[in-house]
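The primary structure of each chain is shown beneath.
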Amino acid sequence: MSSFLRPAETDQKSAARIPAQAQYRPVSSHLAIAPPVSVVIPAMNEAENLPYVFKTLPDWIHEVVLVDGNSTDDTVQVARDLWPDVTVVKQRGKGKGDALISGFAACTGEIIVMIDADGSADGAEIVSYVSALVGGADFAKGSRFANGGGTDDMTPIRKLGNRVLTTLVNAKFGARYTDLCYGYNAFWRHCLDEIALDCAGFEVETLMNIRVVKAGLRVQEIPSHEYNRIHGVSNLRAVRDGIRVLKVILRERGTRKRAVRPAMITGEVS
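Residue numbers run consecutively from 1 along every chain, following the written order of its sequence. At least 70 in pLDDT is required for a residue's local features to be given in this predicted model, at least 80 for side-chain atom pairs to be given and counted, and no such filter applies to totals for whole chains, interfaces and linings, which use all residues. Hydrogens and water are ignored here; the side-chain numbers use all heavy atoms of the structure.

Examining unusual backbone geometry
For step 1, the next point in the chain: For N45, which is not glycine, the phi dihedral falls at a positive 55°.
For step 2, the next point in the chain: The way it works is that DSSP assigns letters per residue, a run of H or I at least four long becomes a helix, a run of E at least two long becomes a strand, and they are numbered from the N terminus. In this fold, N45 is placed in the loop between β3 (37-43) and α2 (50-56).
For step 3, the next point in the chain: Although it is not a glycine, A196 sits at a positive phi angle of roughly 45°.
For step 4, the next point in the chain: Structurally, A196 can be placed in the loop between α7 (191-195) and α8 (204-214).
For step 5, the next point in the chain: To sort residues, take the accessible area from a 1.4 Å probe on protein chains only and compare it with the maximum for the residue type: under 20% means buried, over 50% means exposed, and anything in between is partly exposed. On the accessibility criterion, A196 (3% relative accessible area) is buried.

Below you can see the structure in the form of structure tokens.
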């Protein structure tokens, strides 16, 4: 079902993350967990899509953190109507990377899941990501091209670009990824101290994927299906953002593991 990039074996470090007296929450008929799970959703003018996104989220998650990129529609109000306890972070900067960093800093859960607000991701898949993490992985990386994955939303040029960039990262950093530029991922909160995110745009996913490898974290790919955006138009631009991803790859190739620096929040929580 999933391809391992590094054996995700349970050890004393991973076992220590689970509180001994924690109250377990049923996730499926075969899995119950103690670690609270936070879901981060960066959104800008996604009011029409949020009902589809929230409908797929499992009811056992600990919290939803919505990062609002200064929406001009009813994104925030719709989110609060759908999930009354939602944490809303007002983004001060710009870009998906900046939004995610703000959202991560506002999370209180031990496991963090990042998911898009356009309806392209199925929240029901979260159980697979969480299962990988409680099974010993540090970082559960979604893949549209692993066995069992798929995509309805990639043009030929984007698919080619993703394949080339994935091959380049695998060759330069010793990874074994099947998909590089995908925004559906999950990880233990402690990983943020290892990867020290510092980019603002769509290239944030690539930066995360590179730095988890450089940090020696245990990564497991999770087959995921990407659906078409339901409403609106994506801000992604294949050539422009592809160049930004390439610049990140080249920059990271010439740097050693960065000093530990926690992500800084850049938004207001409400």
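After presenting the structure, the write-up continues.
Focus: a negative patch on the surface
For step 1, the next point in the chain: Patch construction takes residues with relative accessible area above 30% that form no salt bridge. Like charges are linked within 9 Å, and nonpolar side chains (Val, Leu, Ile, Met, Phe, Trp, Tyr) are linked within 5 Å. Note on areas: Shrake-Rupley, 1.4 Å probe, and residue coverage restricted to the protein chains presented here. Salt bridge, as used here: a side-chain nitrogen of Lys or Arg that lies within 4 Å of a carboxyl oxygen of Asp or Glu. Residues scored as positive are Lys and Arg, those scored as negative are Asp and Glu, and His as well as the terminal groups of each chain are ignored. Charge placement uses NZ in Lys and CZ in Arg. For Asp and Glu, CG and CD serve respectively. A surface patch of like charges, here negative, comprises E48, D73, D74 and D81.
For step 2, the next point in the chain: In this fold, E48 is placed in the loop between β3 and α2.
For step 3, the next point in the chain: Residue E48 is classed as exposed on the basis of its relative accessible area, which comes to 55%.

Some points on the pairing of β3
For step 1, the next point in the chain: Of all 7 residues in β3, 7 are buried; the element is thus mostly enclosed.
For step 2, the next point in the chain: Of the two faces of β3, both are covered, the one formed by V37, V39, I41 and A43 as well as the one formed by S38, V40 and P42.
For step 3, the next point in the chain: Following DSSP output, two strands are said to pair if at least two bridges run between them. With 4 bridges connecting them, β3 and strand β6 (residues 111-114) associate as parallel partners. When the sheet's bridge partners are listed, V40 is paired in β6 with M114.
For step 4, the next point in the chain: Across 6 bridges, the pairing between β3 and strand β4 (residues 63-68) is parallel. Residue V40 lies in a different strand from β4, and its bridge partner there is V65.
For step 5, the next point in the chain: Note that the unit made of β3, α2 and β4 has a crossover that is right-handed. By the criterion used throughout, a crossover qualifies as right-handed when its path from the first strand across the helix to the second strand runs clockwise, the strands pointing away from the viewer.

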